[in-house]
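The chain contents come next:
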Amino acid sequence: MTQLIGLTGGIATGKSTVSAMLADAGLPIVDADKIAWQVEGPGQPTTQKIAAAFGPKTLLADGQLNRQWLGQQVFNDSRKLAQLTELTRMPIQRAMLEAIVLAGQQRPVAVILDVPLLYEGGWQHLCDQVIVVTAPENVVLTRLMARNNLSAEAARARIASQLPLAEKVKRADVVIDNGANVDKTRTAVLKWLKTMIKSN
């Protein structure tokens, strides 16, 4: 029986690394970020609604969302973040549910639902298990500043916009620490996968 496994974590904890390891192990991944990029692509209805709500600076010359500018707007204003969430939630949810059904058609042992805001969006209620990826706060801050070219203040604002990592850990079925090195993370991922396959 195919299980639906939620995969989430705090921003810059290295969830994508764990997702890639699970994909390498042969599990299909439903990636919320990739689906969002498709739903919010050039010319898409959702993209047009976002541009209408946030103004001309929202779009680049090629029709892509100006994600860096948009991020600066919403991560410093909870009302704008709520507005953006309201515009995108339903189209992304529909596309994700379609992707889950498609991924499960080959009856793999598990489908991985990779969602940064899994708890915030209520997706945990669909999952048989939830994996939360963690890393120490100083590691997360350093990664986020380097990855997104942010100041410490801006990075902290993005971290604060999500459900606290400690709260996600409390709700998790499985916690994978990605704060050390990749080999230790891979060992933890494969140990969980082996246990899950045996229990199936």
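The structure this text deals with has already been given above.
The text that follows walks through the structure, step by step, so that each part is easy to find. (Residues numbered from 1 in each chain as written. Predicted model: local features only at pLDDT ≥ 70, side-chain atom pairs only at ≥ 80, totals over all residues. Heavy atoms only, no water.)

Let us now look at the pairing of strand β1 (residues 3-9). Most of β1 sits inside the fold, with seven of its seven residues counted as buried. Both faces of β1 are covered, namely the face carrying Q3, I5, L7 and G9 and the face carrying L4, G6 and T8. Where β1 lies against strand β4 (residues 129-134), five bridges are found, and the strand directions are parallel. Paired with T8 across the bridge in β4 is V132. (Buried < 20%, exposed > 50% of the residue type's maximum accessible area, 1.4 Å probe, protein only. Helix = DSSP H or I, 4+ residues; strand = E, 2+ residues; numbered from the N terminus. Pairing = 2+ DSSP bridges.)

This next bit is on the pairing of strand β5 (residues 174-177). Burial along β5 is one-sided: V174 and I176 are buried, and none of V175 and D177, which face the opposite way, are. Pairing of β4 with β5, which is carried by four bridges, proceeds in the parallel orientation. Looking across to β5, one finds that V133 is bridged to I176.

A separate point is the packing of aromatic side chains. The final tally for this structure, using the stated rule, is zero aromatic pairs. A cation sits over an aromatic face here: R67 above W37, 3.8 Å from the ring centre. (Phe/Tyr/Trp six-rings, centres within 6.5 Å; stacked < 30°, edge-to-face > 60°. Lys NZ or Arg CZ within 6 Å of the ring centre and 35° of its normal.)

Moving on: the nonpolar core. Within the largest apolar cluster, 20 residues are counted, with the highest numbers of intra-cluster contacts made by V30, M96, L113, V115, L118 and W123. Within the residue set of this core, elements represented by two or more residues are α2 (32-39), α5 (78-104), β3 (110-114) and β4. Once residues within four sequence positions are removed from consideration, M96 is found in contact with V30, A32, I35, L113, V115 and W123. Among the nonpolar cores identified, the runner-up in size contains 16 residues, and I5, V18, L22 and I112 belong to it. (Core = buried A, V, L, I, M, F, W, Y, C linked by side-chain atoms within 4.5 Å. Contact = heavy atoms within 4.5 Å.)

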